[in-house]
Amino acid sequence: MDYKQQVAAALAPALPDLTLADILAKIEQPKTSKQGDLAFPTFTLAKTMHKAPQLIAGDLVEKIDQAGFEKVVAMGPYVNFFLKKADFSADILNQIMTAGGHFGDAKLGNAGQVPIDMSSPNIAKPISMGHLRSTVIGNSLANILRKIDYKPVKINHLGDWGTQFGKLITAYKMWGSEAEVKADPINNLLKYYVRFHKEDVEHPEMDDEAREWFKKLENGDEEALALWKWFRSESLKAFKKIYQRLDIEFDSFKGEAFYNDKMDEIVDILESKNLLHESQGAEVVDLSKYDLNPALIKKSDGATLYITRDLAAALYRKRTYDFVQSLYVVGNEQTNHFKQLKAVLKEMGFDWSDEIHHIPFGLITSNGKKLSTRSGRVILLDKVLDDAVALAHQQIDQKNPDLADKDAVADAVGIGAVVFHDLKNERMNSFDFNLEEVVRFEGETGPYVQYAHARAESILRKAGSPVLAADGQALSDPAAWDTLKLLSEFPATIVRASNEYEPSIIAKYAIHLAKAFNKYYGNTKILVEDDDLTARLALVKSVSIVLKEALRLLGVKAPDEM
Ligand code: ARG
């Protein structure tokens, strides 16, 4: 129970008309510590209770069991709560030190499976910064959900099928060479693809040929299939290297092509329910009652579409995982696609479509401009990570030139900085990417949080003996108290992040905690040999545990030294 919940629980018996959640939502943090640690305002109750707020506050104080508090007083239209700081502190620190990295674990998911469709780049194109967001948001959501007892299943729905492979094969046959592709597959395949889009403007016959090749591919033509397989395996090798750098693993790489033989069933169900209509030679599902455009299921030439494969994938996932929720971490620009997907499933009679959630996110821009593969304006993720690691290296060389294991730490800091920056932004917000800012050791950055953790570890190393138990008496100064209150909020923060599918809540929390701790560290001589030394070390230890765990939930490492 954190301190807010303690206050809400004390108020509940006196306010039978309000739920615990209502009460929790009203509780405020007073401006100064003179007004206590938490306050409950009574204005909003005045109307329904037909009484002046001041009187309500007075009555509540009479009714509340004050045993768990230092004191509870009415101040104007507020009930102000003063916590028993020493008890509270000792309790929270002991909880954290006993649980270690398990602090904040909760049994909320009942081991329900949650497929997370994430990353899902397109074959034969580089993973761009655009795919970074899906990858790191998905990975963090998986960590958060696992912590509260769901079973996430990380699925990389590779874009390994579609008309673009007709274009790629056409381009390869015109300008490609085996040697070139072998030497640098992703970049050269991209080169062919970009050239195709430049030249087809003046040579529309290239598009006809591309359509022809894709048709061949769909019909299992040997040459087309062999090229496709080769492009796919070379691309996947390159993707896996990047996932390894990010330390992200997948449970499944079943991409769009996997569903090629599973779409007939979808079309059959749609037909049997009379949901397919012809429109200009194509087969569509009318979605006007959902205020959506018709979903295009089959093109006039019989070729199936992105959404048809997603319908098959959704059904496959339901059957395979019997999911309690099914998440799709995919850019905001595909919102309509997922609305259509859910609507068609609903029309098909699958009520579990309600458990499908699109988790959209905003764009990353570079110098204010959108990134795209067609024009070739891509920022290659691999290159960004290299640059970030190099910047981290420079700063470590300045700050701590004798550090052992510099390369590993620079890796953790550089890559962690890129991941953290992505996650600290609320996912719907677009943001501009500027590497210098991302890798700074000061400001609201990943390295700043990692540095606070490393500082805590360094204090503990200097102290020598292990810290085992806490005594809260010594920790009542304001900076310690702020840090303690934040520590106690970690479990509720995790639940909020999971409810809102919002890793930024954890990232912001980590920044707050790092700041509070740095303030404490700046005001207090921690390693002085006095009676309160153990208490201070227990606080340092707890901060280290919680910062490390918060970073882990984001997919960011926390080196002990940096
Ligand atoms: N490959 C797609 C893209 O890069 C994303 C796929 C998202 N997942 C899905 N099931 N539709 O835009």
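Computed from a predicted structure; not experimentally measured.

1. Some details on the overall build of the protein chain
Thinking step 1. Assigned secondary structure in the protein chain consists of 22 helices and 13 strands.
Thinking step 2. Seen through its C-alpha atoms, the protein chain measures out along the principal axes to roughly 80 × 65 × 40 Å.
Thinking step 3. Within the protein chain, contacts between residues at least 6 apart in sequence are counted, and of these 72% link residues at least 24 apart.
Thinking step 4. Computing the positive centroid from 69 side-chain charges and the negative centroid from 81, the protein chain places the two 2 Å apart.

2. Brief notes about the sheet that holds strand β1 (residues 38-41)
Thinking step 1. Taken together, 3 strands build an open sheet; the order of strands is β1-β3-β2 and the sheet is antiparallel. Edge positions in the sheet fall to β1 and β2 (69-75), since each of these pairs with one other strand and no more. For this sheet, the mean angle separating the axes of adjacent strands, direction not counted, is 20°.
Thinking step 2. With 4 bridges connecting them, β1 and strand β3 (residues 78-83) associate as antiparallel partners. Across the sheet, residue Phe-40 finds its bridge partner in β3, namely Val-79.

3. Considerations on the site of the ligand
Thinking step 1. Taken together, Asp-117, Ser-120, Asn-122, His-131, His-157, Tyr-306, Asp-310, Tyr-328, Val-330, Gln-334 and Phe-338 form the complete shell of residues around the ligand.
Thinking step 2. Ser-120 is positioned such that a nitrogen or oxygen atom in its backbone is 2.9 Å from a nitrogen atom of the ligand.
Thinking step 3. Between the ligand and the protein, one listed contact pairs a nitrogen atom with a side-chain N or O atom of Asp-310 at 2.7 Å.
Thinking step 4. For the ligand, the accessible surface in isolation is 350 Å², of which the surrounding protein chains cover 88%.
Thinking step 5. Class assignment for the residues of the shell around the ligand results in 4 nonpolar, 5 polar and 2 charged.

4. Side note on the layout of surface pockets
Taking a probe equal in size to a water molecule and rolling it over the atoms shows the remaining empty space.
Thinking step 1. Space inside the second largest pocket adds up to approximately 730 Å³.
Thinking step 2. Looking at the second largest pocket, it is lined by 26 residues, and the ones nearest its centre are Asp-2, Glu-489, Ala-492, Thr-493 and Arg-496.
Thinking step 3. Contributions of two or more residues to the lining of the second largest pocket are made by α1 (3-11), α5 (85-99), α19 (478-488), α20 (490-499) and α21 (504-523).
Thinking step 4. The greatest single-element share of the lining of the second largest pocket, amounting to 5 residues, is contributed by α20.

5. Some details on the pairing of strand β4 (residues 113-117)
Thinking step 1. Of all 5 residues in β4, 4 are buried, a share of seventy percent or more.
Thinking step 2. Both β4 and strand β5 (residues 151-155) contribute to a ladder of 5 bridges, which runs parallel. Within β5, the residue paired with Ile-116 across the bridge is Lys-154.
Thinking step 3. For the crossover from β4 across helix α6 (residues 129-147) to β5, the handedness is right-handed.
Thinking step 4. In terms of strand pairing, β4 meets strand β9 (residues 326-329) through 2 bridges, oriented parallel. Note on β9: the bridge partner recorded for Asp-117 is Tyr-328.

6. Quick word on the UniProt feature "short sequence motif: 'HIGH' region" (unreviewed entry) in the protein chain
Thinking step 1. In this numbering, the UniProt entry assigns the feature "short sequence motif: 'HIGH' region" (unreviewed entry) to residues 121-131.
Thinking step 2. Each end of residues 121-131 is marked by a C-alpha atom, and these two atoms are 6 Å apart; helix forms 27% of the span and strand 0%.

7. Things to note about the packing of aromatic side chains
Thinking step 1. The tally for this structure, following the rule as stated, stands at 22 aromatic pairs.
Thinking step 2. Plain terms: the ring middles of Phe-258 and Tyr-259 are 5.0 Å apart, the flat faces sit at 90° to each other, and that makes the pair edge-to-face.
Thinking step 3. Using a relative accessible area of 27% as the deciding quantity, one classes Phe-258 as partly exposed.
Thinking step 4. Between Phe-441 and Tyr-451, the aromatic rings sit 6.1 Å apart at their centres with planes inclined by 55°, giving tilted as the arrangement. With Phe-441 in the loop between α17 (435-438) and α18 (446-463) and Tyr-451 in helix α18, this pair connects stretches of sequence that are 10 residues apart.
Thinking step 5. Using a relative accessible area of 24% as the deciding quantity, one classes Tyr-451 as partly exposed.
Thinking step 6. Members of the aromatic cluster, each reached through a chain of ring pairs, are Tyr-172, Tyr-192, Trp-230 and Phe-231.

8. Focus: the environment of Leu-45
Thinking step 1. With respect to the helices and strands, Leu-45 occurs in helix α3 (residues 43-49).
Thinking step 2. Leu-45 sits 277 residues away from Asp-322 along the chain, and the two C-alpha atoms are 45 Å apart.
Thinking step 3. Apart from the residues lying within four places of it in its own chain, the contact partners of Leu-45 are Leu-15, Leu-18, Lys-26, Phe-40 and Ile-56.

9. Let's talk about helix α14 (residues 335-347)
Thinking step 1. The terminal C-alpha atoms of α14, which comprises 13 residues, lie 18 Å apart, in line with the 18 Å expected from a rise of 1.5 Å per residue.
Thinking step 2. Considered for burial, the residues of α14 that qualify are His-337, Phe-338, Gln-340, Leu-341, Ala-343, Val-344 and Leu-345.
Thinking step 3. Those residues of α14 hidden inside the fold are in contact with α12 (263-272), β7 (282-285), β8 (295-298), α13 (306-321), β9 and β10 (356-359).
Thinking step 4. Following α14 by one or two positions, Gly-349 has its phi on the positive side, about 95°.

10. A short note on the sheet that holds β7
Thinking step 1. With antiparallel pairing, 3 strands are arranged side by side in an open sheet as β6-β7-β8. Only two strands of the sheet have a single partner each, and these edge strands are β6 (276-279) and β8. Going across the sheet, the axis of each strand differs from the next one's by a mean of 45°, ignoring polarity.
Thinking step 2. For β6 and β7, the ladder comprises 4 bridges, and the chain directions are antiparallel. For Ser-279, the partnering residue across the bridge sits in β7 and is Ala-282.

What counts and what doesn't
- Residues numbered from 1 in each chain as written.
- Predicted model: local features only at pLDDT ≥ 70, side-chain atom pairs only at ≥ 80, totals over all residues.
- Heavy atoms only, no water.
- Helix = DSSP H or I, 4+ residues; strand = E, 2+ residues; numbered from the N terminus.
- Contact = heavy atoms within 4.5 Å.
- Lys, Arg positive; Asp, Glu negative; His and termini not counted.
- Charge placed at Lys NZ, Arg CZ, Asp CG, Glu CD.
- Pairing = 2+ DSSP bridges.
- Axes fitted to C-alpha atoms, helices over the stretch in contact; angles between N-to-C directions.
- Near = heavy atom within 4 Å.
- Polar contact = N/O pair within 3.5 Å; in protein donor to acceptor, adjacent residues only side chain to side chain.
- Areas by Shrake-Rupley, 256 points an atom, 1.4 Å probe, with all protein chains shown as cover.
- Nonpolar A, V, L, I, M, F, W, Y, C, P; charged D, E, K, R; others polar.
- 1 Å grid on protein atoms, 1.4 Å probe; cavity = no way out; pocket = protein on both sides within 12 Å on 5 of 7 lines; lining within 4 Å.
- Points joined across faces, edges and corners; volume = space filled by probe spheres on them.
- Buried < 20%, exposed > 50% of the residue type's maximum accessible area, 1.4 Å probe, protein only.
- Right-handed = clockwise from strand over helix to strand, strands pointing away.
- UniProt positions renumbered as here; feature names shortened; annotations may be inferred.
- Phe/Tyr/Trp six-rings, centres within 6.5 Å; stacked < 30°, edge-to-face > 60°.
- Expected span 1.5 Å × (residues − 1).

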